[in-house]
Amino acid sequence: MHIAEIDQISNTGDSLFHKAKAISKLLLTLFLLTSFIITNDVVKLGALMIIVGLFFFISKVPLGQVGHLIVYPVIFSILFAILRFQQSWILGIIVLQKAVGAAMTMVLLITTTPYVDIFAVFSLFLPKLLVDILLFTYRSLFILIGQIENLVKSIKLRGGYHPYNIIANLKNIGAAIGVMIIHSFEMSDRMYQIYTLRGYKGGIPMTVALWPMKPIDYMIISLGIITLLGTVIPWNL
Amino acid sequence: MEPIIKVQCLKHIYPDKTEVSICGLDFIVNPGEKIVILGPNGAGKTTLLSHILGLLSPVEGTVEVMGLKPYKNFNTIRKNIGVVFQNVDEQIIGPRVYDDIAFTPRNERMNKNEIDEKVKSVARCLGIEGLLDKIPHYLSGGQKKKVALAGSMVMLPKILILDEPFDALDPKSKAEMVALLKELNEIHGITLIITTHDINVVPEIADRVYVLNDGKIVTCGNPQEVFNQVEVMKAANLEPPLLTELFSRLKNKGYNIKIPKNLKEAEEELIKLLETKKIITDFNITNEEKVV
Amino acid sequence: MEPIIKVQCLKHIYPDKTEVSICGLDFIVNPGEKIVILGPNGAGKTTLLSHILGLLSPVEGTVEVMGLKPYKNFNTIRKNIGVVFQNVDEQIIGPRVYDDIAFTPRNERMNKNEIDEKVKSVARCLGIEGLLDKIPHYLSGGQKKKVALAGSMVMLPKILILDEPFDALDPKSKAEMVALLKELNEIHGITLIITTHDINVVPEIADRVYVLNDGKIVTCGNPQEVFNQVEVMKAANLEPPLLTELFSRLKNKGYNIKIPKNLKEAEEELIKLLETKKIITDFNITNEEKVV
Amino acid sequence: MSHIHIPDGIIGSVWWITGYLIALGIIYFVLRKVEGEEIRRKVPMIGIVTAIMIIGMSVPLGIVPVHLTLAVLSGILIGPGFAFISVFVVNLMLALVAHGGITLVGLNTLIVGTEVLIGYYLFKTLSKKLGQMPSTVIATSIALIISMTMMVTMVGSLAGLRNAMPDFHLHSHEEQLIEEGHEEAIENDESPAAGAKYIFFTGWAAVIMVFVVGNLLESFGTAYIIRFFMKVRPDLIYEKKPKELDENLKIDQ
Ligand SMILES: Nc1ncnc2c1ncn2[C@@H]1O[C@H](COP(=O)(O)OP(=O)(O)OP(=O)(O)O)[C@@H](O)[C@H]1O
Ligand SMILES: Nc1ncnc2c1ncn2[C@@H]1O[C@H](COP(=O)(O)OP(=O)(O)OP(=O)(O)O)[C@@H](O)[C@H]1O
Ligand SMILES: [Mg+2]
Ligand SMILES: [Mg+2]
């Protein structure tokens, strides 16, 4: 499960990037994404990708472990790129660059910033119940991953997994998901009970650490702004 | 002293029509007591606790906590009871341990410093200061139990309810948990209500024991009194703790021996018996000899 | 006799980089043995079992089951091992008990009559014929464990692996489970591998005990030998069973006593000691008197 | 399967921003419409169903790289309104790991949300006459076909229309920026047909094949799950929930 693995990386990394505040990394992401979206120049897009690559280098994220995340956007953007190649190959390249660049930016964010810290920043502007749902999703995800892993294990051990028979697998996985859903509906009742007992009235309070910013935060934000300006300002070389 | 909890002939019907009745003796808890509830799987222990917490409302019978009906006065009662259910994973809400422990005080809108103080003091008390910054699902089972306990204790409730707190803990962690609970009771005067299937800890931790079986509270009393009721215990799928049983059997054979609460007492008792035996025998024989 | 399972200095790395090593002594199981694995929370017991089952593949070390590598020969090994995990809820897949027990035979495309026969015979063996038509969801904890056991036994495996089978069971259900497992071993010759934190059942059920701690198999031997290694046990967060500990202490005080396996033996031993004591004292005193 | 995860940078800003605004608007509306107590009771449930959708996507069904999305199922379980929120959260969580563009979360939610809505109402209507299995299969596959068509049309018309782009590189950079600003406005005027043509005559035939297989799997997968529920806990299907369940948890405030 990608999300579990990524969560682990973002939580255990100890680079300067990991130590920075979530808000500064979110701002950086915002600036980088904007840059990728508004730029339509192969060279600039290439430069942007190199910049993101440098950030990855600084953040010491194990690329071997997260590199595969880029494969998905690459494949899909190739589909769209083919569309463009018929007009001009440059356009095809641009589509690829934008998609992959934006994806790299997101991966950079998520491998250096724990989900919960991102949600904490979101809680500043999203409806509080939506943030609660995000948090519950996140918690349940980890609880349910354990359950479904065990269910799939049991199915395999009991001879219910057939590499070449998708229909049989579908039946068994269907049953497993059914079991999981039933358990989880009961779990949701129990969760609600315990939360009301603990005073839940909508809106899970969380620590949103915005202040004080450290030098690294100022640096990250400035780098973001500079990059954005760099893409906006016309370069007359 | 007024009882802090009083339950009389409770009856509950679950949505799927499962009927659970907890009749027979009244369930009464006095302030400061350590109560253990025993009973076979499905006897209704968890159901009883849910009623005391005001999560369910009884079809028949009365439930009173501090003189109030918990279901009706949910918010008042809630503030006075801490609870740790069996599955701690589902109880940890906060994205980080700190947030989780701070959940209730924040919901009560306390001010920041006060919250901080409360969280840190309860964490210190449970020895989990080092975990405050961690994300809950990376903790071990035992650590999660402590975090859940911290979250339910942070407001220093009068009553603490624990459903199977010793489950799946290794022996040392279990012993630590027992010691911790006893300390909470002694130092802070918190009333404890515990369910468990681990009968060997009962003599150590319980002031009084209630036994549920077959829709009834069949007996209550101090651990010793309860364990002595062999028939009642057997009917409720229960076996007395090993040491209790062993010493009872010796007692029944006519040996003059006190039922021990823990291993240490057991050892002392046995040695005393073995030594006394010697002296008595000496004495007897000497007497006999003298007579002869 | 060739060992049926052989694990040597295993090392596993979970995707999140948690390293679990199970080195030290070799883990060897002979056909027909009853093995208990002990160790503190997080020692790697479940990890070891997963390797034996071929669910994980070792980074270092060798795992051999019936001379094969389980990870490579998953399908062969799977047919020879039955397994009941800790949380049986996550293991019972069929909508009805019957469907669940019939899961494996159906996936093996056996014919209907054969399946029916198999399901019924295993249900009879575990005493759950009456439940076949029930929805597993509504069963009690003990019943669910039996259903899971039935599902894993229906193909009559050579080896049965149980991860914490006594967890959350009331004492009677636990005693039943112990009896059942012993029977399966004696009558059908099934090799048992069990992990548990409930140390008091160990002398009763184990032929041999392995203790895992701190990345190593630190000791192995029959329950008595293992429990006698006080330092090793303490280091592994383990306490010896109550009776074992009590009798060891007496023994250390110089009393001539045998460590018992269960309550009955304990009682007999103690009474023998108390009686002997008397006789010896009588004898001594008589002697002395005579001398005088 | 209906969520072809479109990467960032392909669809014009106006479109995805509008998509976000509408999606968030609907979420606000759903959260508002339900009274406080009711929605708070549902929060853990919505979270769990969302988690289940994410997990469904990561359980392999064999050597073929397809998975379940369970969108229609989530509608049947918690109702279309809450399921819409679930879909949004799924898309957001996936976009955070670069599985589909972060800018497209809104648009993707609208499309899959439509699938949920159609699937839910079809299931509700059909299951009164047909059995659970056939109604699930029909409802799911029709909903999927509609959402897939929407997806293809959207990609075709919104992405395909940026054909104006070739000229950019012939101009100076200043002009490029200016034209970029106008571009979105121009897009609307052009016929979507041009883009759609490209789509259908390139590698998309393969995509459609994958879609057909995916559709069948999703429909039957959902049906198997529903069948399981009907055997074990029929009350879990939305609408059929017994009233007592809620009665049990009414709490004084
Ligand atoms: N949510 C529920 N819906 C329907 N029946 C239930 C529910 N919860 C419990 N029951 C039933 O009510 C009875 C009492 O259950 P309860 O959980 O209170 O037992 P318990 O004494 O806590 O058992 P255990 O020792 O296994 O925890 C059982 O028959 C159980 O099946
Ligand atoms: N799926 C997993 N991903 C990452 N780490 C894991 C996973 N499963 C177990 N671990 C880690 O591996 C170590 C061994 O775990 P394992 O479950 O084998 O211990 P155990 O002896 O069975 O413990 P317990 O007595 O609590 O069941 C622990 O540190 C645990 O946190
Ligand atoms: Mg219970
Ligand atoms: Mg384990």
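Residues numbered from 1 in each chain as written. Chains lettered and ligands numbered in written order. Predicted model: local features only at pLDDT ≥ 70, side-chain atom pairs only at ≥ 80, totals over all residues. Heavy atoms only, no water.

Relative to the assigned elements, Ala4(A) resides in helix α1 (residues 2-12). Here the alpha-carbon distance between Ala4(A) and Phe142(A), two residues 138 residues apart in the chain, equals 7.4 Å. For Ala4(A), the residues in contact, after removing those within four places along its chain, are Phe142(A), Ile145(A) and Tyr138(B). (Helix = DSSP H or I, 4+ residues; strand = E, 2+ residues; numbered from the N terminus. Contact = heavy atoms within 4.5 Å.)

Turning our eyes to something else, we now look at the site of ligand 1. All names here are of chain B. Around ligand 1 lies a shell of 14 residues, among which Gly-42, Lys-45, Thr-46, Thr-47 and His-197 are the nearest. Gly-42 places a main-chain nitrogen or oxygen 2.8 Å from an oxygen atom of ligand 1. Compared with its free state, where it exposes 640 Å², ligand 1 has 67% of that area covered by protein. Looking at the shell around ligand 1 element by element, the count peaks at three residues for helix α1 (residues 45-52). Here the shell around ligand 1 is built from residues that sort into four nonpolar, seven polar and three charged. (Near = heavy atom within 4 Å. Polar contact = N/O pair within 3.5 Å; in protein donor to acceptor, adjacent residues only side chain to side chain. Areas by Shrake-Rupley, 256 points an atom, 1.4 Å probe, with all protein chains shown as cover. Nonpolar A, V, L, I, M, F, W, Y, C, P; charged D, E, K, R; others polar.)

Moving on to the domain arrangement of chain B. Residues and elements named next belong to chain B. Parsing chain B into structural domains produces domain 1 (1-80 + 159-173 + 183-239), domain 2 (92-156) and domain 3 (241-292). Summarising the inter-unit geometry, the C-alpha centres of domain 1 and domain 2 are found 26 Å apart. The partner domain 2 presents eight residues to the eleven residues of domain 1 that form the contact. Carbon and sulfur atoms make up 67% of the surface buried where domain 1 meets domain 2, a total of about 710 Å² over both sides. Per-residue buried area on domain 1 facing domain 2 is highest for Lys-79, Leu-160 and Leu-184; these three make up 43% of the total on that side. Glu-108 serves as the salt-bridge partner of Arg-78, at 3.4 Å between the closest nitrogen and oxygen. Scanning the region where domain 1 abuts domain 2 turns up two residue pairs in polar contact (both at pLDDT 80 or more). Within the residue set of the side of domain 1 that touches domain 2, elements represented by two or more residues are α2 (74-80), β7 (159-163) and α7 (171-188). (Domains from an automatic or database assignment. Buried area = accessible area lost by both parts, 1.4 Å probe. Salt bridge = Lys/Arg side-chain N within 4 Å of Asp/Glu carboxyl O.)

To continue, consider the nonpolar core. Residues and elements named next belong to chain B. Counting 190 residues, the largest nonpolar core has Ile-5, Phe-27 and Ile-193 as its most contacted members. Beyond its immediate chain neighbours, meaning those up to four positions away, Ile-193 contacts Ile-5, Phe-27, Val-29, Ile-35, Ile-37, Leu-49, Ile-159, Leu-160, Ile-161 and Leu-162. With 48 residues, the next largest nonpolar core counts Leu-131, Val-202, Ile-205 and Met-233 among its residues. (Core = buried A, V, L, I, M, F, W, Y, C linked by side-chain atoms within 4.5 Å. Buried < 20%, exposed > 50% of the residue type's maximum accessible area, 1.4 Å probe, protein only.)

On to α7(B), then. Residues and elements named next belong to chain B. Taking 1.5 Å per residue, 18 residues should reach 26 Å; α7 reaches 25 Å between its end C-alpha atoms and fits that length. Residues of α7 that are buried: Pro-171, Ser-173, Lys-174, Met-177, Val-178, Leu-180, Leu-181, Leu-184 and Asn-185. Those residues of α7 hidden inside the fold are in contact with β4 (34-38), α5 (112-126), α6 (141-153), β7, β8 (191-195) and α8 (202-205). Directly after α7, the chain includes Gly-189, whose backbone phi takes a positive value near 65°. (Expected span 1.5 Å × (residues − 1).)

Let's shift gears to helix α3 (residues 22-38) of chain A. End to end, α3(A) covers 24 Å across 17 residues, agreeing with the expected 24 Å (1.5 Å per residue, within 8%). Within α3(A), 13 of the 17 residues are buried, which leaves it mostly tucked inside the rest of the structure.

Glancing now at the pattern of salt bridges. All names here are of chain B. In the structure shown here, the tally under the stated rule is 37 salt bridges over all chains. The salt bridge partner of Glu-60 is Lys-11, with a shortest N-O separation of 3.6 Å. Of this pair, Glu-60 sits in strand β5 (residues 60-65) while Lys-11 sits in strand β1 (residues 5-13), and the two are 49 residues apart along the sequence. In this structure, the salt-bridge partner of Asp-89 is Lys-144, at a minimum N-O distance of 3.2 Å. On the criterion of sequence distance, the pair formed by Asp-89 in the loop between β6 (81-84) and α3 (97-101) and Lys-144 in helix α6 is long-range, its members being 55 residues apart.

This brings us to the packing of aromatic side chains. This model, assessed by the stated rule, comprises 13 aromatic pairs over all chains. A ring pair is formed by Tyr115(A) and Tyr138(A), whose centres lie 5.8 Å apart and whose planes are at 35°; its orientation type is tilted. Residue Tyr115(A) is found in helix α8 (residues 115-122), and its partner Tyr138(A) is found in helix α9 (residues 128-157); the two are separated by 23 residues along the sequence. Aromatic pair Tyr200(A) and Phe103(B): ring centres 6.4 Å apart, planes at 20°, arrangement stacked. Of this pair, Tyr200(A) sits in the loop between α10 (166-197) and α11 (215-232) while Phe103(B) sits in helix α4 (residues 103-107), placing the two residues on different chains. In this structure an aromatic cluster arises from ring pairing among Tyr115(A), Phe119(A), Tyr138(A) and Phe142(A). If you follow Lys153(A) out to its NZ or CZ, it ends over the ring of Phe85(C), 5.6 Å from the centre. Above the plane of the ring of Tyr161(A) lies Lys156(A), whose end atom (NZ or CZ) is 5.5 Å from the centre. (Phe/Tyr/Trp six-rings, centres within 6.5 Å; stacked < 30°, edge-to-face > 60°. Lys NZ or Arg CZ within 6 Å of the ring centre and 35° of its normal.)

So, on to the interface of chain C and chain A. With 23 residues of chain C in contact, the opposing surface of chain A contributes 23 residues. Taken as a group, Glu90(C), Ile93(C) and His137(C) account for 31% of the area that chain C buries against chain A, more than any other trio of residues on that side. Run the count over chain C and chain A and you get one salt bridge. The residue Arg158(A) makes a salt bridge to Asp100(C) at a minimum N-O spacing of 3.3 Å. At the boundary of chain C and chain A, one finds eight residue pairs in polar contact (both at pLDDT 80 or more). Secondary-structure elements contributing two or more residues to the side of chain C that touches chain A are α2 (74-80), α3 (97-101) and α4 (103-107) of chain C. Take the side of chain C that touches chain A: its biggest share by element is three residues, from α4(C). When the residues that make up the side of chain C that touches chain A are grouped by side-chain class, the tally is ten nonpolar, five polar and eight charged.

With respect to the helices and strands, the residue Asp217(A) is situated in helix α11. If sequence neighbours within four positions are ignored, Asp217(A) has contacts with Ala20(A), Lys21(A) and Ser24(A).

Here we come to the site of ligand 2. All names here are of chain C. Taken together, 14 residues lie around ligand 2, and Gly-42, Lys-45, Thr-46, Thr-47 and His-197 are the ones closest in. Contact distances for ligand 2 include 2.9 Å between an oxygen atom and a backbone N or O atom of Gly-44. Thr-47 is positioned with one of its side-chain polar atoms (N or O) 2.5 Å from an oxygen atom of ligand 2. Within the complex, 66% of the 630 Å² of free accessible area of ligand 2 lies under protein. Ranked by the residues each element gives to the shell around ligand 2, the list is headed by helix α1 (residues 45-52), at three residues. Here the shell around ligand 2 is composed, by residue class, of four nonpolar, seven polar and three charged.

Residue and element names in this part refer to chain B. Applying the stated rule across the entire model yields two disulfides over all chains. Note on cysteine connectivity: Cys-9 is disulfide-linked to Cys-23, with sulfurs 1.5 Å apart. Pair noted here: Cys-9 is in strand β1 and Cys-23 is in strand β2 (residues 19-24), with a separation of 14 residues, a long-range link. We classify Cys-9 as partly exposed; its relative accessible area is 32%. Not engaged in a disulfide, the cysteine Cys-220 finds its nearest cysteine sulfur in Cys-23; these two sulfurs lie 15 Å apart. Here Cys-220 falls in the partly exposed class, since its relative accessible area comes to 28%. (Disulfide = S-S within 2.5 Å.)

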